[in-house]
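Overview (structure and organization)
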Amino acid sequence: RAKSLGQGKICTYETSMDETSRRRAELAIDLKRALVRNEFELHYQVQNDTQSGGIIGFEALLRWNHPVKGRVPPNDFIPLAEQTGVIVDIGDWVLRTACATAASWSRPFKVAVNVAPMQLNYDLARRVSEVLRETGLAPERLEIELTETGIIADRQHALQVVLALKALGVTVAMDDFGTGYSSLSTLQVFPFDKIKVDKSFIQSVETSVHAAAIVKATLLLGRSLNIPVLAEGVETEQHLAFLRKEGCTSVQGYLFGKPMPREAISRMIRELSEAKAPAPSEPANKA
Ligand code: C2E
Ligand code: MG
Ligand code: MG
Ligand code: MG
């Protein structure tokens, strides 16, 4: 730390750079410990059929409850976890936890799990197959979400992983469609089971004719390729009306539900089952 006042400006700049990298380094250490300290939690957000409104499944979304900072959003720590490599262990935890949770649900809804690029280089298909065996979850109930950035580094290898996942009976979705570097050529090569249109487009369908045109074109593309399209970030009835009119397959967003803790979701699914089947004490079936 310089004492000379004359260099004040330069020192402030350098100090704040130091400060930033020191904070990052600290957060990286915290992140490394977070797994053993049980600070991660998965929330689940509902995905619905656009026409019937029925539930299709839930996307697992990672939450970090930092002992001092409180809840740290994924966009603030996942990039760091990727840079430091801890995302591989965290991703493994996410996979196991999401599959075990889905296996415990009283109805066989799907669970969608986000996978980071680096996980593809750590025997993802074998890990998925082990986790399915350990948790007893049927393969067709698991969907792996990949972003395009996850597959551009080594497309050939990424394709092998996707094919291996599909051979297990797991489905694979392309996440954040339209925001990547070459979404269209990726679709040409990869046999995705679902396209998830990025929420940035959905949220602008009313205010931007361009966004509306991109969403329409994506829905048309999905129909031509025979790949169902899910719209993310559906927040309003207007968004939903647009998507219904344009023939979108499925929807996810705050209009249907925010990501919620495991207990709330399990309870909701249990209540659905109870509403469907008559309670054992009910005398209705005597007649
Ligand atoms: P994503 O996979 O595209 O997930 C959708 C994000 O949109 C989630 O943010 C979700 O909470 C948010 N969202 C859902 N509906 C709405 C809506 O109606 N309006 C708005 N404004 N937002 C909505 P979240 O949970 O903060 O996660 C951000 C990103 O972090 C995810 O984007 C995903 O890329 C990454 N992420 C989350 N969990 C994991 C994980 O377990 N592993 C990996 N590798 N990445 C994850
Ligand atoms: Mg996702
Ligand atoms: Mg997304
Ligand atoms: Mg995203």
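Heads up: the structure comes first, above all this text.
These numbers were taken from a predicted model, which means no experiment stands behind them.

Considering the coordination of the magnesium ion (ligand 3)
- Donor atoms from the polypeptide that coordinate the magnesium ion (ligand 3) comprise D175 (OD), D176 (OD), E232 (OE) and E232 (OE), at 2.0 to 2.5 Å from the metal.
- Along the chain, the residues donating to the magnesium ion (ligand 3) are arranged with the sequence spacing D-D-x55-E.
- Separating the magnesium ion (ligand 3) from the magnesium ion (ligand 2) is a gap of 4.1 Å, which D175 spans by donating to each of them. With D175 in strand β6 (residues 171-177) and E232 in the loop between β8 (229-231) and α10 (237-245), this pair connects stretches of sequence that are 57 residues apart. As far as burial versus exposure is concerned, D175 and E232 are alike and both buried.

Overview of the side chain of R141
- The residue R141 is located in the loop between α4 (124-135) and β5 (142-147) in this model.
- Buried charge without a salt bridge: R141, with E140 as the nearest opposite-charge side chain at an N-O distance of 7.5 Å.
- Filtering out sequence-adjacent residues up to four positions away, R141 remains in contact with A102, A103, W105, R107, P108, F109, K110 and V111.

A word on the layout of surface pockets
- Considering only enclosed or pocket space, the largest pocket measures out at about 1100 Å³ in volume.
- Contributing to the lining of the largest pocket are 37 residues, with E59, L61, P74, N75 and N114 lying nearest its centre.
- Only β1 (40-49), β2 (55-66), α2 (74-84), α3 (87-104), β5 and β6 provide two or more residues apiece to the lining of the largest pocket.
- Here the lining of the largest pocket is built from residues that sort into 16 nonpolar, 11 polar and 10 charged.

Observations regarding the pairing of strand β7 (residues 194-197)
- Residues K194 and K196 point to one face of β7 and I195 and V197 to the other, with burial holding for every one of them.
- Between the parallel elements β6 and β7, the chain passes through helix α7 (residues 183-189) in a crossover that is right-handed.
- With 3 bridges connecting them, β7 and β8 associate as parallel partners. What sits directly across from I195, in β8, is V229.

Some points on unusual backbone geometry
- Located in the positive-phi region is D123, a residue other than glycine, with phi close to 55°.
- Relative to the assigned elements, D123 resides in the loop between β4 (110-114) and α4.
- What makes D123 partly exposed here is its relative accessible area of 45%.
- Its identity is not glycine, yet D176 carries a phi of approximately 55°, on the positive side.
- Examined against the element boundaries, D176 turns out to sit in strand β6.

Let's talk about the coordination of the magnesium ion (ligand 2)
- Listed as protein donors to the magnesium ion (ligand 2) are E59 (OE), N114 (OD1), E145 (OE) and D175 (OD); their distances from the metal cover 2.0 to 2.2 Å.
- Sequence positions of the residues that donate to the magnesium ion (ligand 2) give the spacing E-x54-N-x30-E-x29-D.
- Note on E59: relative accessible area 4%, which makes it buried.

Brief notes about the site of ligand 1
- The full set close to ligand 1 counts 23 residues, and R63, N114, D175, E235 and Y254 are the nearest of them.
- Within the contact set of ligand 1, an oxygen atom lies 3.1 Å away from a side-chain nitrogen or oxygen of D176.
- Within the complex, 87% of the 800 Å² of free accessible area of ligand 1 lies under protein.
- At a threshold of 2 Å from the grid points, most atoms of ligand 1 map onto the largest pocket.
- Of all the elements in the fold, those that place two or more residues in the shell around ligand 1 are β2, α2 and β6.
- A per-element tally of the shell around ligand 1 places β2 first, with 4 residues.
- Here the residues of the shell around ligand 1 sort into 10 nonpolar, 6 polar and 7 charged.

Rules of the game
- Residues numbered from 1 in each chain as written.
- Chains lettered and ligands numbered in written order.
- Predicted model: local features only at pLDDT ≥ 70, side-chain atom pairs only at ≥ 80, totals over all residues.
- Heavy atoms only, no water.
- Donors = N, O, S within 2.8 Å, 3.2 Å for Na, K, Ca; no water.
- Helix = DSSP H or I, 4+ residues; strand = E, 2+ residues; numbered from the N terminus.
- Buried < 20%, exposed > 50% of the residue type's maximum accessible area, 1.4 Å probe, protein only.
- Lys, Arg positive; Asp, Glu negative; His and termini not counted.
- Salt bridge = Lys/Arg side-chain N within 4 Å of Asp/Glu carboxyl O.
- Contact = heavy atoms within 4.5 Å.
- 1 Å grid on protein atoms, 1.4 Å probe; cavity = no way out; pocket = protein on both sides within 12 Å on 5 of 7 lines; lining within 4 Å.
- Points joined across faces, edges and corners; volume = space filled by probe spheres on them.
- Nonpolar A, V, L, I, M, F, W, Y, C, P; charged D, E, K, R; others polar.
- Right-handed = clockwise from strand over helix to strand, strands pointing away.
- Pairing = 2+ DSSP bridges.
- Near = heavy atom within 4 Å.
- Polar contact = N/O pair within 3.5 Å; in protein donor to acceptor, adjacent residues only side chain to side chain.
- Areas by Shrake-Rupley, 256 points an atom, 1.4 Å probe, with all protein chains shown as cover.
- Sits in = over half its atoms within 2 Å of the grid points.

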